[in-house]
Amino acid sequence: MNERKPHHIVVERDGAVVTVHLHRPAVRNALSSALLDELLGALAPLDEDPAVGCFVVTGSDGVFAAGADIAEMADRSAPEMAQEDYFARWEEFAALRTPKIAAVDGYALGGGCELAMMCDIVVASDRAVFGQPEVLLGVMPGIGGTQRLTRLVGRAKAMDLILTGRRMNAEAAERAGLVSRVVPTAELAGEVAEIAATVAGLGRAAVRAAREAVDQSLEVGLSHGLRFERRSFHALFATEDQKEGMRAFLQKRPPTFTGR
């Protein structure tokens with residue numbers, strides 16, 4: 001296992017799985033521009049590495065991320081925020097093609113909740129807490145909260161959370177469709193490691209194509225989505241992994257995927 005320790009994150013690689021620990025414990029892992037720079041700097045090159053099959057994003061000290069860095073934003077003007085297109089670069093993280101798992105323990109509020117929603121699978125400990133409390137600071141979500149939350153939990157629940165700033169525990173988040181699985185805190189790391197290993201062990205092309213097709217379902221109408229799905233399905237028959245997967249099934253043996 002290799003490890004490096006930047007200023008705001010810790011990155012570990014274990015075979016095909018890369019784990020990023022947000023590491024700003026003094027400010028509850030507040031999402032600053034510097035943290036984003038380090039996150040993208042670490043993951044963007046690995047997104048092109050055919051030997052990498054899954055990213056895991058998690059927090060530290062019982063906190064996933066308690067929000068964006070308020071100290072960094074508080075004194076900025078509207079023209080400055082618009083000129084910089086503040087928060088726009090978070091879409092570079094969302095656009096990474098490698099499947100992403102959020103392992104959420106403790107608070108995932110504001111930007112932390114939005115970061116979790118940018119991931120493909122959200123696994124929460126039973127003490128996780130989610131919310132979009134930006135209105136309590138005189139602003140609104142700005143990293144996708146109004147858009148992704150509504151698509152995941154529906155308009156009624158999203159309006160309730162966003163307009164009141166109230167928080168939602170892990171059980172409620174799972175019922176609402178925000179969270180994929182809830183596990184006891186002590187089992188979170190093991191559960192996520194098992195999921196990540198499963199995803200990373202499958203055919204890269206198939207996993208990426210399936211992930212993209214699911215995301216397309218949120219962007220286009222049903223007929224376009226179905227057509228996109230079929231074309232992606234057809235294209236996978238050009239891969240060696242498709243041949244191996246189907247032969248292994250017929251031969252009643254486990255497949256050996258190579259990512260080709």
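Just so you know, the residues in each chain are numbered from 1, in the order the chain's sequence is written. This being a predicted model, a pLDDT of at least 70 is required before a residue's local features are given, and a value of 80 or more before pairs of side-chain atoms are given or counted; all residues contribute to the totals for chains, interfaces and linings. To get the side-chain values, take all heavy atoms of the structure and skip hydrogens and water.

### Focus on the environment of Q147
Logical step 1: Starting at the N terminus, helices and strands are each numbered in turn, a helix being any DSSP run of H or I of at least four residues and a strand any DSSP run of E of at least two. In this fold, Q147 is placed in helix α6 (residues 145-153).
Logical step 2: When the C-alpha positions of Q147 and H224 are compared, they lie 21 Å apart, and in sequence the two are 77 residues distant.

### A few points about the pattern of salt bridges
Logical step 1: Counted as salt bridges are all cases of a side-chain nitrogen of Lys or Arg within 4 Å of a carboxyl oxygen of Asp or Glu. By the definition in use, this model includes 14 salt bridges.
Logical step 2: For R127, the salt bridge identified is with D105, shortest N-O distance 2.7 Å. Of this pair, R127 sits in the loop between β8 (121-125) and β9 (129-131) while D105 sits in the loop between β6 (100-104) and β7 (107-109), and the two are 22 residues apart along the sequence.
Logical step 3: Among the residues examined, D105 registers a relative accessible area of 14% and is labelled buried. For the exposure calls, accessible area comes from a 1.4 Å probe over protein chains only, and a residue counts as buried if that area is under 20% of its type's maximum, exposed if over 50%, partly exposed in between.

### Quick look at the sheet that holds β7
Logical step 1: Criterion used throughout: strands pair if DSSP finds at least two bridges between them. One open sheet accounts for four strands, arranged β5-β7-β9-β10; its pairing is mixed. On the outer flanks of this sheet lie β5 (63-65) and β10 (167-169), each paired with one strand and no other. Taken over all neighbouring pairs, the strand axes of this sheet differ in orientation by 20° on average, direction set aside.
Logical step 2: Where β7 lies against β9, three bridges are found, and the strand directions are parallel. Paired with Y107 across the bridge in β9 is V129.
Logical step 3: Strands in contact with helix α5 (residues 111-118) are β5, β7 and β9; relative to β7, the strand with the most contacts, it is inclined by about 90°. Axis definition: a line fitted to C-alpha atoms, limited for helices to the stretch in contact. Angles are taken between N-to-C directions and run from 0 to 180 degrees. Any two residues whose heavy atoms approach within 4.5 Å are treated as being in contact.

### Side note on the environment of L39
Logical step 1: Along the polypeptide, L39 turns up in helix α1 (residues 33-47).
Logical step 2: Residues L39 and I9, spaced 30 residues apart in sequence, show a C-alpha to C-alpha distance of 7.2 Å.
Logical step 3: Ignoring any residue separated from it by four or fewer positions in sequence, one finds L39 in contact with I9, V20, W90 and F93.

### A short note on the side chain of E114
Logical step 1: Assignment of secondary structure puts E114 in helix α5.
Logical step 2: Among buried Asp, Glu, Lys and Arg side chains, E114 stands out as unpaired, with R148 the closest opposite charge at 7.1 Å.
Logical step 3: E114 has contacts with Q132, E134, P141, G142, I143, G144 and G145, leaving out every residue within four places of it along the chain. The sign given to each residue is positive for Lys and Arg and negative for Asp and Glu; His and the chain ends receive no count.

### What about unusual backbone geometry?
Logical step 1: A positive phi angle is found at D85, which is not glycine, with a value near 55°.
Logical step 2: Relative to the elements of secondary structure, D85 occurs in the loop between α3 (78-84) and α4 (90-94).
Logical step 3: One non-glycine residue, K252, adopts positive backbone phi at about 55°.
Logical step 4: With respect to the helices, strands and loops of the structure, K252 is situated in the segment after α12 (240-250).
Logical step 5: Overall, the relative accessible area of 76% leaves K252 in the exposed class.

### Observations regarding the packing of aromatic side chains
Logical step 1: Only centres within 6.5 Å qualify two rings of Phe, Tyr or Trp (six-membered ring in Trp) as a pair; their planes then separate them into stacked at under 30 degrees, edge-to-face at over 60, and tilted for everything else. According to the stated counting rule, one finds three aromatic pairs in the structure shown.
Logical step 2: With centroids separated by 5.3 Å and ring planes inclined at 70°, the aromatic side chains of F233 and F237 adopt a geometry described as edge-to-face.
Logical step 3: One Lys or Arg, K100, reaches over the ring of F93 and ends 5.5 Å from the middle of that ring. Each ring is checked for a lysine NZ or an arginine CZ that lies within 6 Å of its centre and within 35 degrees of its normal; such an atom marks a charge sitting over the ring.

### Observations concerning a nonpolar patch on the surface
Logical step 1: Together, I70, V135, L136, L137 and V139 make up an exposed nonpolar region whose accessible area comes to about 460 Å².
Logical step 2: Among the secondary structure elements, V139 is positioned in the loop between β9 and α6.
Logical step 3: By relative accessible area, V139 is classed as partly exposed at 49%. Only residues whose relative accessible area exceeds 30% and that take part in no salt bridge are eligible for patches, with like-charged residues grouped when within 9 Å of each other and nonpolar side chains (Val, Leu, Ile, Met, Phe, Trp, Tyr) grouped when within 5 Å. Exposure was quantified through the Shrake-Rupley algorithm and a 1.4 Å probe, taking into account, for residues, occlusion by the shown protein chains and nothing else.

### Brief notes about the packing of α6 against helix α7 (residues 155-164)
Logical step 1: Following both chains from N to C, one finds α6 and α7 inclined at 140°, their axes separated by 7 Å at the closest point. What the angle tells us is that α6 and α7 run oblique. Crossing geometry of α6 relative to α7 is assigned as right-handed. From α6, G145, T146, L149, T150 and V153 reach across to α7, where they touch R155, K157, A158, L161 and I162.
Logical step 2: Taken together, the residues that form the contact of α6 with α7 break down as five nonpolar, three polar and two charged. Each angle gets one of four labels, with under 35 degrees taken as roughly parallel, over 145 as roughly antiparallel, 65 to 115 as roughly perpendicular, and the rest as oblique. Should the near helix be turned anticlockwise from the far one by less than a right angle, the crossing is left-handed, and should it be turned clockwise, the crossing is right-handed. Classification convention: Asp, Glu, Lys, Arg as charged; Ala, Val, Leu, Ile, Met, Phe, Trp, Tyr, Cys, Pro as nonpolar; all other residues, Gly among them, as polar.

### Focus on α1
Logical step 1: Each residue after the first adds 1.5 Å to the expected span of a helix. Between its first and last C-alpha, α1 extends 20 Å over 15 residues, near the 21 Å set by a 1.5 Å rise per residue.
Logical step 2: Among the residues of α1, those classed as buried are L35, L36, L39, L40, A42, L43, L46 and D47.

### A word on the pairing of β8
Each regular strand carries side chains that alternate between the two faces of the sheet.
Logical step 1: Of all the five residues making up β8, four are buried; the element is thus mostly covered by neighbouring parts of the structure.
Logical step 2: Note that β6 and β8 share four bridges and pair parallel. Each bridged residue has a counterpart across the sheet, and for A102 the counterpart in β8 is V122.
Logical step 3: In terms of strand pairing, β8 meets strand β11 (residues 181-183) through three bridges, oriented parallel. Directly across from S125, in β11, lies its bridge partner V183.

So far we have only geometry, and geometry alone does not tell us how the molecule works.
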